[in-house]
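Inside the fold
The residues making up each chain are set out below.
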Amino acid sequence: MKRTKVIDLLARRDFGADVLVKGWVRTRRGSKAVSFIALNDGSTIKNVQIVADSDRFDEELMKQITTGACISVNGKIVESIGSGQAVEVHADNIELLGACPADYPMQKKGQSFEYMRQYAHMRLRTNTFGAVMRIRHNMAIAIHKFFHERGFFYFNTPLITASDCEGAGQMFQVTTLDLNRIAKSGKVDYDDDFFGKPASLTVSGQLEGELGATALGAIYTFGPTFRAENSNTPRHLSEFWMIEPEISFMDLDELMELEEDFIKYCVRWALENCADDLEFLNNMIDKGLVERLKSVVDTEFVHLPYTKGIEILQQAIRDGHKFEFPCEWGDDLASEHERFLVEEYFRKPVIMTNYPKAIKAFYMKIDAEKPVCNGKVMEETVQGTDVLFPQIGEIIGGSVREENYDKLMGEIKSRNIPMKDMWWYLDTRKFGSCPHAGFGLGFERLILFVTGMQNIRDVIPFPRTPRTAEF
Ligand code: 4AD
Ligand code: MG
């Protein structure tokens, strides 16, 4: 007989039919005469209740049906009165596929997420991580659908690269050189290295994405990115997934529209396709979750130039609001500033634009005019956009790209970016240059928002952070 998944079984109403289910025991309760086994197979957050009459089963077998054990059950679909579901299974035969001894780390309910992180290889079997991982899958599907429906091409950029896209010097080096031997000899010869020159894991697929966009019109990447920044925060991973669309002939307004449509599409998809998992997370993790998701789908995001944001923050300070960090024009906003704007001042997502050139990457298009802040003319700004979200902070970073060869060269030179690594990128501006724009969405930051989870380590199966790469 073919196995029926729990999700399909719970939708059936053909009472009396024979069925085969397999899964892991969540709980077992009952009396001497009868056992009620809650069985989960990962296909849904919901369990199916298995009713097992003790006189039909071997006592030794029943003893081994403990939380975490894996079993296979043949039985009949019956209408359920008490289990909270419409159907349950009356067991005819139970086979133990894998016993689960008492030292099973996920034995107890209600363990902290810190505890569970130590058992990242086993935490996937819990309700919370099951829900998060199913939502994560659904978000990936939504992302591909969104772009496919709009004629974007899925474009794969290399993970091993020689260029530091963001220029922040946070790259993991990739080498086959023997570090111990180098330490002894005291010198490094990259001629002997695998690629014949220094290479690293990519921090962003954008630069190669631009090559795709200026040929195919509109592309998106969706892959892992690596950053060796030593920031131990609930928002940073050393290995995270990023979605990077890049579009020819797009200006700043169209870019903001795309960013907003994209996030709303993903959130709406979750509301429509992950209702059971969201309901569980809403009950167990974050009582405001579903409300917050709905409100994002229904609100228009605020468009806020950086300079205006600074004026608002400085006014708030004059009105007595206390911030830990200063906020002068030219400073990178701290997360307390972003949160103030998003959660207190506007109370909705904010797309901040036109940042000071000095705090953004070299590739952003320079604005034609300098901004005026509190009556004074400031330094040059660029057409960068950060999408700031309640609870999360920055969820998207993007920009219109500088398409003018000479202006781009000027930035590369003034920032001392090694030219020899950039020649291929500059060719886009040399041969048929076109205006274009794009952004990067941090996949795990999106999952944080959609699940209501608090720590980015809990929305990726196997988190990579400083000093952690166990599982
Ligand atoms: O703002 P970032 O650094 O932008 C770029 O990498 C551009 N090249 C994107 C583009 O224009 N194509 O990163 C983009 C997003 C951030 O907004 C954030 O959501 C996420 O990536 N991100 C991280 N997520 C988890 N852990 C980290 N260490 C992250 N760093 C950035
Ligand atoms: Mg950024």
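One can find the structure itself at the top, above this paragraph.
The rules we used
- Residues numbered from 1 in each chain as written.
- Chains lettered and ligands numbered in written order.
- Predicted model: local features only at pLDDT ≥ 70, side-chain atom pairs only at ≥ 80, totals over all residues.
- Heavy atoms only, no water.
- Phe/Tyr/Trp six-rings, centres within 6.5 Å; stacked < 30°, edge-to-face > 60°.
- Helix = DSSP H or I, 4+ residues; strand = E, 2+ residues; numbered from the N terminus.
- Buried < 20%, exposed > 50% of the residue type's maximum accessible area, 1.4 Å probe, protein only.
- Pairing = 2+ DSSP bridges.
- Contact = heavy atoms within 4.5 Å.
- Axes fitted to C-alpha atoms, helices over the stretch in contact; angles between N-to-C directions.
- Disulfide = S-S within 2.5 Å.
- Polar contact = N/O pair within 3.5 Å; in protein donor to acceptor, adjacent residues only side chain to side chain.
- Parallel < 35°, antiparallel > 145°, perpendicular 65-115°, else oblique.
- Nonpolar A, V, L, I, M, F, W, Y, C, P; charged D, E, K, R; others polar.
- Expected span 1.5 Å × (residues − 1).
- Near = heavy atom within 4 Å.
- Areas by Shrake-Rupley, 256 points an atom, 1.4 Å probe, with all protein chains shown as cover.
- 1 Å grid on protein atoms, 1.4 Å probe; cavity = no way out; pocket = protein on both sides within 12 Å on 5 of 7 lines; lining within 4 Å.
- Points joined across faces, edges and corners; volume = space filled by probe spheres on them.

So, the packing of aromatic side chains
- Applying the stated rule across the entire model yields 24 aromatic pairs.
- Aromatic pair Phe 301 and Phe 389: ring centres 5.7 Å apart, planes at 80°, arrangement edge-to-face. Of the two residues, Phe 301 sits in the loop between helix H9 (289–298) and strand E12 (302–305) while Phe 389 sits in strand E16 (residues 381–389), which places them 88 residues apart along the sequence.
- Relative accessible area serves as the criterion here: at 1%, Phe 389 is assigned to the buried category.
- Taking 4.8 Å as the distance between ring centres and 80° as the angle between the ring planes, the aromatic pair formed by Tyr 345 and Phe 346 counts as edge-to-face.
- Taken together, the aromatic side chains of Phe 146, Phe 147, Phe 152, Tyr 154, Tyr 220, Phe 262, Tyr 265, Trp 269 and Phe 439 make up a single cluster linked through ring pairs.

Re the sheet that holds strand E13 (residues 350–356)
- Strand order in the open sheet formed by 8 strands is E6-E10-E11-E18-E17-E16-E13-E12, and the pairing between neighbours is mixed. Either end of the sheet is taken by a strand with one partner, and the two such strands are strand E6 (153–154) and E12.
- As paired elements, E12 and E13 share 4 bridges and run parallel to each other. Note that in E13 the partner of Pro 305 across the bridge is Thr 353.
- Its contacts with the sheet put helix H4 (residues 127–149) on E6, strand E10 (218–226) and strand E11 (239–248), and the angle it makes with E10 is roughly 150°.

What about the state of the cysteines?
- By the definition in use, this model includes 0 disulfides.
- There is no disulfide at Cys 100, and the cysteine sulfur nearest it, in Cys 70, is 9.9 Å away.
- For Cys 373, which is in no disulfide, the shortest distance to another cysteine sulfur is to Cys 327 and amounts to 9.4 Å.
- By relative accessible area, which is 4% here, Cys 373 ends up buried.

Some details on the environment of Asp 277
- Relative to the assigned elements, Asp 277 resides in helix H8 (residues 275–284).
- With 92 residues separating them in the primary sequence, Asp 277 and Glu 369 have C-alpha atoms 48 Å apart.
- Not counting residues up to four positions away in its chain, the partners in contact with Asp 277 are Ile 45, Ala 131, Arg 134 and Ile 135.
- A distance of 3.0 Å separates polar atoms of two side chains, one belonging to Asp 277 and the other to Arg 134.

Here's the deal with the packing of helix H10 (residues 306–318) against helix H11 (residues 335–345)
- At a closest axis distance of 11 Å, the pairing of H10 and H11 adopts a crossing angle of 85°. By the angle between their directions, the pair H10 and H11 is classed as roughly perpendicular. When H10 is examined against H11, the residues Gly 309, Ile 312, Leu 313 and Ala 316 are found in contact with a partner set consisting of His 337, Phe 340, Leu 341 and Tyr 345.
- Counted by class, the contact of H10 with H11 contains 6 nonpolar, 2 polar and no charged residues.

Re helix H14 (residues 443–451)
- Taken across its 9 residues, H14 has 9 buried, putting it largely inside the fold.
- Every buried residue of H14 is listed here: Phe 443, Glu 444, Arg 445, Leu 446, Ile 447, Leu 448, Phe 449, Val 450 and Thr 451.
- Positioned one or two residues after H14, Gly 452 has a phi angle of 80°, which is positive.

Digging into the sheet that holds strand E5 (residues 87–98)
- Pairing is mixed around the closed barrel formed by 5 strands, whose spatial order is E1-E2-E3-E5-E4. With direction set aside, neighbouring strand axes in the sheet form an average angle of 55°.
- Bridge count for strand E1 (residues 18–30) against strand E2 (residues 34–40) is 6 bridges, and the pairing is antiparallel. Bridge pairing in E2 links Gly 30 to Ser 35.

Description of H10
- Helix length check: H10, at 13 residues, gives a terminal C-alpha distance of 18 Å against a target of 18 Å (1.5 Å per residue), a fit within 8%.
- For H10, the full list of buried residues reads Tyr 306, Thr 307, Gly 309, Ile 310, Ile 312, Leu 313, Gln 314 and Ala 316.
- Buried positions along H10 lie against E12, H11, E13 and strand E14 (372–373).
- Directly after H10, the chain includes Gly 320, whose backbone phi takes a positive value near 105°.

Structural notes on the site of ligand 1
- Near ligand 1 lie 25 residues; those nearest to it are Glu 166, Gln 206, Arg 227, Glu 244 and Glu 394.
- At 2.9 Å, a backbone N or O of Leu 237 approaches a nitrogen atom of ligand 1.
- Here a nitrogen atom of ligand 1 and a side-chain polar atom of Tyr 363 are 3.4 Å apart.
- Its free accessible area being 620 Å², ligand 1 has 93% of it covered by the protein chains.
- Put simply, the parts of the chain that give the shell around ligand 1 at least two residues each are E11, strand E17 (393–400) and strand E18 (436–442).
- Tallied by class, residues from the shell around ligand 1 come to 9 nonpolar, 8 polar and 8 charged.

Thoughts on the pairing of strand E4 (residues 70–79)
- Where E1 and E4 come together, 7 bridges link them in antiparallel fashion. Within E4, the position partnered with Val 21 by the bridge is Val 73.
- Of the strand pairs in this sheet, E4 and E5 are connected by 10 bridges, and their pairing is antiparallel. Bridged to Val 78 within E5 is Glu 88.

Quick notes on empty space enclosed by the protein
- Counted according to the given criterion, the structure contains 2 cavities of 30 Å³ or more.
- The space that makes up the largest cavity amounts to roughly 60 Å³.
- Along its surface, the largest cavity is lined by Arg 235, Asp 286, Arg 292, Gln 391, Ile 392, Leu 448, Phe 449, Gly 452, Met 453 and Gln 454.
- Looking at the lining of the largest cavity residue by residue, the class counts come to 4 nonpolar, 3 polar and 3 charged.
- Reported here for the second largest cavity is a volume of approximately 30 Å³.
- Forming the boundary of the second largest cavity are Arg 227, Glu 229, Ser 231, His 236, Leu 237, Ser 238, Arg 464, Thr 465 and Pro 466.
- Along the lines of polarity and charge, the residues of the lining of the second largest cavity split into 2 nonpolar, 4 polar and 3 charged.

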